[in-house]
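Examination of the molecular architecture
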Amino acid sequence: MQLSIQVDQREGDEGMKFKLRVKGDLHIGGLMLKLVEKIKAPQDWSDHAIWWEKKSCWLLKTHWTLDKYGVQADADLRYTPQHKPLCIQLPNMKTIKLRVSFSCVVFKTVAEICKALNIRRSEELSLLKPPDDPKKKKKKDKGTESAFDDILNMDVAGDAFQSLRLCILTETLLCRWLDSSRSLMEQGIQENDRLLLRFKYHSFFDLNPKYDAVRITQLYEQARWAILLEEIDCTEEEMLMFASLQYHICKLTLSTEPLTNSSEPEIDEVEAALSNLESTLEGRNKLYSALFTYLLISLLYRPKRLTLKPYKEYWFVFRDTTISYYKNKESANKEPIEQLHLRGCEVIPDVNVTEKKFGLKLLLPTADGMNEIYIRCDNETQYSKWKAACMLASKGKTMAYSSYRTEVKKIQSFLQMKSLAPPPGQAAPDVESMEMNAECFVSPRYAKKYKTKQLTTRILEALHNISQLSLMEAKMRFIQAWQSLPEFGIKYYIVRFRGSKKDELLGISYNKLIRIDMSTGLPVTTWRFSNMKQWNVNWEIKQVTIEFDQSVSIAFSCQSCDCKVVHEYIGGYIFLSTRSKDQNETLREELFHKLTGGQD
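Summary of the structure given here.

So, how was this worked out
- Residues numbered from 1 in each chain as written.
- Predicted model: local features only at pLDDT ≥ 70, side-chain atom pairs only at ≥ 80, totals over all residues.
- Heavy atoms only, no water.
- Core = buried A, V, L, I, M, F, W, Y, C linked by side-chain atoms within 4.5 Å.
- Buried < 20%, exposed > 50% of the residue type's maximum accessible area, 1.4 Å probe, protein only.
- Helix = DSSP H or I, 4+ residues; strand = E, 2+ residues; numbered from the N terminus.
- Contact = heavy atoms within 4.5 Å.
- Pairing = 2+ DSSP bridges.
- Salt bridge = Lys/Arg side-chain N within 4 Å of Asp/Glu carboxyl O.
- Expected span 1.5 Å × (residues − 1).
- Axes fitted to C-alpha atoms, helices over the stretch in contact; angles between N-to-C directions.
- Polar contact = N/O pair within 3.5 Å; in protein donor to acceptor, adjacent residues only side chain to side chain.

What follows deals with the nonpolar core. Leu127, Leu184, Leu197, Phe242, Ile459 and Trp482 are the most contacted members of the largest nonpolar core, which totals 67 residues. The dominant element in this core, judged by the number of residues it contributes, is helix α7 (residues 236-254), at nine residues. If we ignore the near neighbours within four places in the chain, the residues touching leucine 127 are Val106, Val110, Ile113, Arg176, Trp177, Leu178, Leu184, Leu195, Leu196 and Leu197. With 37 residues, the next largest nonpolar core counts Tyr201, Phe497, Met532 and Val544 among its residues.

So, on to the pairing of strand β15 (residues 357-366). With seven bridges joining them, strand β14 (residues 346-352) and β15 adopt antiparallel strand pairing. Each bridged residue has a counterpart across the sheet, and for proline 349 the counterpart in β15 is leucine 360. Taking the residues between adjacent antiparallel strands as the criterion, β14 and β15 are bridged by four residues, where lysine 356 takes a positive phi near 60 degrees.

Time to look at the environment of glutamate 191. Following the sequence through the fold, glutamate 191 ends up in the loop between α5 (158-169) and β9 (194-199). When the C-alpha positions of glutamate 191 and valine 100 are compared, they lie 9.5 Å apart, and in sequence the two are 91 residues distant.

In this section: the pattern of salt bridges. Inspection of the entire model under this criterion finds 30 salt bridges. Among the ionic pairs, aspartate 212 bridges to arginine 120, the shortest N-O distance being 2.8 Å. With a gap of 92 residues between them, aspartate 212 in the loop between β9 and α6 (213-228) and arginine 120 in the loop between α3 (106-117) and β8 (125-128) connect regions that are remote in the sequence. Summarising the burial analysis for this pair, aspartate 212 and arginine 120 share the class buried. Two residues, aspartate 503 and arginine 496, come together in a salt bridge whose shortest N-O distance is 2.9 Å. Aspartate 503 sits in the partly exposed class, given a relative accessible area of 28%.

Turning our attention to helix α10 (residues 403-418). For α10, built from 16 residues, the straight-helix expectation of 22 Å at 1.5 Å per residue is met to within 8% by its first-to-last C-alpha distance of 23 Å. Listed in full, the buried residues belonging to α10 are Tyr404, Glu407, Val408, Ile411, Phe414, Leu415, Met417 and Lys418.

Attention now goes to the sheet that holds strand β23 (residues 552-558). Ordered by their spatial adjacency, seven strands build an open sheet running β20-β19-β18-β17-β23-β22-β21, and the pairing between neighbours is antiparallel. The open sheet has two free edges, formed respectively by β20 (523-528) and β21 (532-538), since each of these has just one partner strand. Strand after strand, the sheet turns through a mean of 30 degrees between neighbouring axes, direction not considered. Pairing between strand β18 (residues 504-508) and strand β19 (residues 512-516): four bridges, direction antiparallel. In the sheet register, isoleucine 508 faces β19, and the bridge partner there is leucine 513. Seen against the sheet, helix α14 (residues 563-576) touches β17 (491-497), β18, β19, β21, β22 (543-548) and β23 and runs at an angle of roughly 155 degrees to β21.

A few words now on the side chain of threonine 322. Mapped onto the elements, threonine 322 comes out in strand β12 (residues 322-326). Within the local environment of threonine 322, its side chain forms a polar contact with the side chain of histidine 341, the two groups lying 3.3 Å apart. Once residues lying within four places of it in the same chain are set aside, the contact partners of threonine 322 are Val317, Gln339, Leu340 and His341.

Right, dumping it as structure tokens:
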């Protein structure tokens, strides 16, 4: 049979086309050898490989024959470089151009990109396609635009801002994430195309300022845009806190402060030392492993009750990983009204420092999903102690662990950062001292709510709580505050559950799945990954089935995207949960593909 093969040369050089007469038992390596001999050009062809355009696949197994690949005489093949230039927009909106592999699976290509950028933990990132821009379509029709016009620093105002907002809002519904188990070329990406590099999985492991300056900066930028574009909801108090941190970071970035972390503690060493002390301290701190106080509580049991009971005061005892509550202090020696076992629960803050509101929402796992418990504390100190204890208990740890006191201080520091009231005796801020536009640091909704002078005053008032932070500390605080938001990291997909006749929303976060009523926006049921026994996909009917503990099973089909997208998210988070600081930096790619791969 006679094959037609297009040969791509170096960038800028004109391609060549050859016809070769071969037999079906010729292996791919032999085909490439015949082709190079016929080309007779002094060039390094080691990066070239055969691409089959019609089948949209690389013929990389050089020992396979043409017959085994199914190549017939009518096949148009390309002998093309595996590494090609790609325009990559980073989370800080700057676009760089790198030569990357178009033949490796995206998971490996992202690792290659992150290595070039000095970003650790590449498994947390991936590539996605930019949204379609209607204005660009019109410009392309006129035929006046260059392919490289997008390589620039995007301004935060005007059309660029709206384009970024569109990028965020259409991310999940249009499923623009690339498939990690297929190559760029197999997904229609061509050389010099533009892709976005983003943190896909919101499970940031071992963030260490000593090694992760680039990673932390890019993560801060992604968090910043998520706040500004209202990808995630936050209160006015939180928005002003984020604004003051951004302003502080901008000032430090523009100043001459050296980018050194010499004063930062070595996180690995600190945590290792604390871990070694825990078993000893747990035995010594038994006297300090319980909390007692009167608290207000409200309960919502699903699916029996759909509305909250009124708040009522009880005597609470928190011991080990269990909360017991009684009618009053005198009844504490009797049977409790109820015991709440917190292992595996979700702890969600419900706080407004300005209004002196210090609440906790606990989502307790049950066979049917999650029950909601609302607890109100009297003050910051009480709230900090109870939240820290609940967070440890959710992981199966007690207040005897050494990290309890550290966690309490961290929560208190975070509350202080959210406080917008200036310290007593502090002079009113000079609004003229702010040399930047205040509207740049808040979302459009809050920019419209205040006049520029009012907004500037409120940002400067909030600045007093964080003005002593270094550049890296401020970025880390911003990231931590972003992570503390209730909707952090949740991606939404339209699905239809087995046995249901209506569409619903499925929220996927780093540790749970959430079933949400589309008409009300309220969560119906929550399932934690830690209770998951197994999951599988029926690729013929495109249905995902998941089995949990206590004989709970769910199944759903995806309406807004291919079920492979949801399958990869679930498998990706399971993969990330297996990471350990004891492991070396080698990526376990085989395990990732086993957990996230499709029917192939």
